[in-house]
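# Summary of the model geometry
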Amino acid sequence: MVPRPMNSEKRSGRKGTGSLEFLSGALFKAVGPLSRFFIYVGSLFALVMAILVVVDILLRQFFNRPMAGIVELETFMVAVLCFVGLAHTQLQGGHVRIDLIADRIPLRVRRILDCIFPALGMFLFGLIACQYGIRVVESVKLREISDILVWPYWPFFLITAFGCGLVAIVFLGEFLRGLARVLGNTSRPVPVLLFILIFPAALIASPWFFRSLPVTFHPATVGGAAIGFMMLLMFLGFPVAFSMGLMGVLGTWYLVGTDTVMGVIRMGVYDAVATFLFCTVPFFVLMGILCSKSGIGQKLFEAAHKWFGQLPGGLAVGTVVACGFFAAVTGDTLSGAATMGSVSLPEMKKYRYQDALATGAIAAGGTLGVLIPPSLGFILYALITQESVGKLFIAGILPGVLLVLLFSLSIVIRCALDPTLGPRAPRASFVEKMTSLRHIWPILFLFVLVTFSKTFAYSSLPIFFSE
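Here the structure is a predicted model, which means the values were calculated and not measured.

Secondary structure assignment for the protein chain yields 20 helices and zero strands. Split into buried and exposed, the 467 residues of the protein chain put 43% on the buried side. The long-range fraction of contacts in the protein chain, counting pairs at least 24 apart against all pairs at least 6 apart in sequence, stands at 79%. Accessible surface, the protein chain as shown: approximately 24,800 Å² in total, 71% of it carbon and sulfur.

Summarising the element assignment, Asp56 is placed in helix H1 (residues 8–63). Taking relative accessible area as the criterion, Asp56 reaches 3% and is therefore assigned buried. Only 3.0 Å separates the side chain of Asp56 from the backbone nitrogen of Met67, close enough to count as a polar contact.

What follows covers the nonpolar core. Ranked by internal contacts, the top residues of the largest apolar core, which has 49 residues, are Leu120, Phe125, Leu246 and Tyr270. When residues in this core are grouped by element, the largest group, eleven residues, is from helix H4 (residues 107–142). What Leu120 contacts, discounting residues up to four positions off in sequence, is Pro200, Leu203, Ile204, Leu233, Phe238 and Leu246. Within the second largest apolar cluster, 34 residues are counted, among which are Leu315, Cys323, Met340 and Leu446.

At a minimum axis distance of 9 Å, the contact between helix H7 (residues 219–236) and helix H8 (residues 240–256) shows a crossing angle of 155°. Comparing the axis directions of H7 and H8 gives the class roughly antiparallel. Our pair here, H7 against H8, has a crossing hand that is right-handed. Judged by residue contacts, Pro219, Val222, Ala226, Phe229, Met230, Leu233 and Met234 of H7 engage Val240, Ser243, Met244, Leu246, Met247, Gly251, Tyr254 and Leu255 from H8. Taken together, the residues that form the contact of H7 with H8 break down as 13 nonpolar, two polar and no charged.

Below, the discussion takes up a nonpolar patch on the surface. On the surface, a nonpolar cluster with roughly 570 Å² of combined accessible area is contributed by Trp208, Phe209, Phe210, Leu213, Val215 and Phe217. By the secondary structure assignment, Phe210 is in helix H6 (residues 189–212).

Between its terminal C-alpha atoms helix H12 (residues 314–330) stretches 24 Å, which fits the 24 Å expected from 17 residues at 1.5 Å a residue. The buried fraction of H12 is high, at 16 of 17 residues.

Let's shift gears to the pattern of salt bridges. Considering all chains together, one arrives at one salt bridge under this definition. A salt bridge links Arg266 to Glu138, with the shortest nitrogen-to-oxygen separation between them at 4.0 Å. Of this pair, Arg266 sits in helix H9 (residues 258–273) while Glu138 sits in helix H4; the two residues are 128 residues apart in sequence, bridging distant segments of the chain. Accessibility expressed as a relative area gives 18% for Arg266, which makes it buried. Taking the relative accessible area as the measure of exposure, Glu138 reaches 34% and is therefore partly exposed.

Here the focus is the packing of H8 against H9. At their nearest, the axes of H8 and H9 sit 7 Å apart, and the two run at 140° to each other. Judged on the interaxial angle alone, H9 and H8 are oblique. For H8 against H9, the interelement crossing comes out right-handed. Along its contact with H8, which presents Val249, Thr252, Trp253 and Val256, the element H9 presents Thr258, Thr260, Val261 and Ile265.

This part takes up unusual backbone geometry. If you check the backbone angles, Asn64 has positive phi at about 55° while not being a glycine. Along the polypeptide, Asn64 turns up in the loop between H1 and helix H2 (70–84). On the basis of relative accessibility, which here comes to 65%, the residue Asn64 falls in the exposed class. At Arg143, a position not held by glycine, the phi torsion is positive, near 55°. If you trace the backbone, Arg143 turns up in the loop between H4 and helix H5 (154–183).

Moving on, we get to the environment of Gly126. Relative to the helices and strands, Gly126 is located in helix H4. In this structure Gly126 comes out as partly exposed when scored by relative accessible area, which is 21%. Sequence separation between Gly126 and Gly165 is 39 residues; the distance between their C-alpha atoms is 5.8 Å.

Time to look at the confidence of the model for the protein chain. On average, residues of the protein chain score 82 in pLDDT, and 89% of them are at 70 or above. Scored below 50 in pLDDT, residues 1–13 shows six contacts in the model against residues more than four places distant or in partner chains. Within the model, pLDDT remains below 50 along residues 455–467, and this stretch shows 25 contacts once partners closer than five positions in the same chain are excluded.

Parameters and conventions
Residues numbered from 1 in each chain as written. Predicted model: local features only at pLDDT ≥ 70, side-chain atom pairs only at ≥ 80, totals over all residues. Heavy atoms only, no water. Helix = DSSP H or I, 4+ residues; strand = E, 2+ residues; numbered from the N terminus. Buried < 20%, exposed > 50% of the residue type's maximum accessible area, 1.4 Å probe, protein only. Contact = heavy atoms within 4.5 Å. Areas by Shrake-Rupley, 256 points an atom, 1.4 Å probe, with all protein chains shown as cover. Polar contact = N/O pair within 3.5 Å; in protein donor to acceptor, adjacent residues only side chain to side chain. Core = buried A, V, L, I, M, F, W, Y, C linked by side-chain atoms within 4.5 Å. Axes fitted to C-alpha atoms, helices over the stretch in contact; angles between N-to-C directions. Parallel < 35°, antiparallel > 145°, perpendicular 65-115°, else oblique. Left-handed = near helix turned anticlockwise from the far one by under 90°. Nonpolar A, V, L, I, M, F, W, Y, C, P; charged D, E, K, R; others polar. Patch = residues over 30% accessible without salt bridge, like charges linked within 9 Å, V, L, I, M, F, W, Y side chains within 5 Å. Salt bridge = Lys/Arg side-chain N within 4 Å of Asp/Glu carboxyl O. Expected span 1.5 Å × (residues − 1). pLDDT = per-residue confidence, 0-100.

Right, dumping it as structure tokens:
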């Protein structure tokens, strides 16, 4: 059978899409190795940061000889770590996004969104890169230097501009790739192309347009509209941080004008990241990854299984308890939920637990990382509200333990009323229970180590951790 020839519109569209695919592929090939190189650089910076913090705490605590300029040095390094990793994270699809609705959007609509979102991201990070290019020039002219180390600021502003520019190039490649897919799978490319080009342009130009109108909107109205549109972008699949950044720029642009918003971008992006307490973020993430990859989570669940498995819904109870112990050493939610999900979910399916209870126990247990110290959430909250990190950690102990008990009690009661939700596991002997505890000594060791290191840090750095 002879295949039916395509009409001229489709032929031209496919030819054009081939060029777009080639351009996007060339961009990814150029940016990919460069972004991987900077990931290695960022990893090295993270290792050096960790070593310097430990050395400084020991010197402060035991010799009363702090390292000069450690706070400035750490803030410089955490800023570099953040901006050099943006492009690689975007290439890997690692930025946090909400997929509750995005994964259920029809394919044709999703392809259009895959063009619009990169266009918005390209604008946002291109704008930041340009403004920090300007700030580099200004910093050189003004000879801006740090207070203690007396280092010039312009190299770090240059890294900020370069990192954001690299992300903008990644978004350009994604835009071209998405455009090729849309045009290659539609019989009416012109209207679709016009919509893809006009909608982002209209959104970006909306502050200028509304400022030109004779009507002035109340700031609360502008804020409400920006929040609503931000939530829409998030639920459609645009990364959370980029949605907040874009609508923050557009809302501020309308309220205060072009010159002021450009000044806010030049001053705010780097300064928001270069904060000493943010140094804890990569350390907690690293500890969570190490714990999840080392098999500690599996041993922890096995011990909880031996001790609580004979209860109604005992495996779910064991999952919650294991998540609580895991949270006590990692400080974040994702690593605990991911580890227990891979370990406990197959075991609960083996004993025919209902999916709602099994997944609910993992999800609920994962949230304990926010409350049980050491908590990364508490550190960020203290940074924003200028509260004491130490007091927040102490305040989270009792509610964290109480939450573990309430989750467990709720599971036991529900499974006692309806045994089909979570059957009992075979009862373990006392010897088996005690034997299981010898496998969780790394958790106890890490808990003691983290607790004592926190104590040293609070006593050594009162300016950051006291009221």
